[in-house]
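Each chain, letter by letter, is given below.
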Amino acid sequence: MAEDLVKIEGTRAEKYTSLYPQIQSLLAGETDKYANLANIAAAVHEVFSFFWVGFYLTKENQLVLGPFQGPVACTRIPFHKGVCGHAYTTKETVLVPDVEVFPGHIACASASKSEIVLPAIVNDEVVLVFDLDSDQLADFTEVDQQGLEKIIELIEESWTSWV
Ligand code: SME
């Protein structure tokens, strides 16, 4: 595994394209799920400098904080609460241009202005959600959704072989 990301530049779409194979090589040969999720969060955070990038894992009938980069965050989220809970219950990506107008948004940090949350689904169950927060309004678009969904697919494909 390379220790550094190869320099990633260009438009946001180009950055996702360059990042994807580097995430593949970060995951190659490693089966520890926390190690892999930690490196994914770090890589995405390093490239895009989003305010908060991390995972909540389905555990004990709720979403529990996993590997992340950014300020400290809420540790446990009920399945029906917040943007993360909405992604969990709908099994769909949730794109929130302005968190202030999303009913039930959980404000872990007041600096967070927009958010995208993507569920990873394995055997029809949501095993985790990938949550990204920005301190800019409407920072996430379909470009992010497409780039991040490809990363989610990597997690879904590998999940049952991770421990
Ligand atoms: N805002 C999220 C909670 C998690 S933090 O943003 C890290 C939500 O509404 O589900």
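Predicted model, so just to flag it, every value in this text is computed and none were measured.

Undergrad: Quick question: what am I supposed to make of the environment of T31 here?
TA: Its location among the elements puts T31 in the loop between helix 1 (12–27) and helix 2 (33–48). Of the residues examined, T31 reaches a relative accessible area of 40% and is grouped as partly exposed. Each C-alpha atom of the pair T31 and Q145 lies 26 Å from the other, and the pair is 114 residues apart in sequence. Excluding residues that lie within four positions of it along the chain, T31 makes contacts with N36, S161, W162 and V163.

Undergrad: I keep staring at the state of the cysteines and nothing clicks. Help me out?
TA: Between two cysteines, a covalent bond joining their sulfur atoms is known as a disulfide. Applying the stated criterion across every chain yields a total of one disulfide. The partner cysteine of C74 in its disulfide is C108, sulfur to sulfur 2.0 Å. What sets the handedness of the C74 and C108 disulfide is the S-S torsion sign, and at about -120° it is left-handed. Of this pair, C74 sits in the loop between strand 2 (62–69) and strand 3 (76–77) while C108 sits in the loop between strand 4 (94–96) and strand 5 (114–122), placing them 34 residues apart in sequence. Unpaired in terms of disulfides, C84 finds its nearest cysteine sulfur in C108, a separation of 7.7 Å.

About the cut-offs
Residues numbered from 1 in each chain as written. Predicted model: local features only at pLDDT ≥ 70, side-chain atom pairs only at ≥ 80, totals over all residues. Heavy atoms only, no water. Helix = DSSP H or I, 4+ residues; strand = E, 2+ residues; numbered from the N terminus. Buried < 20%, exposed > 50% of the residue type's maximum accessible area, 1.4 Å probe, protein only. Contact = heavy atoms within 4.5 Å. Disulfide = S-S within 2.5 Å.

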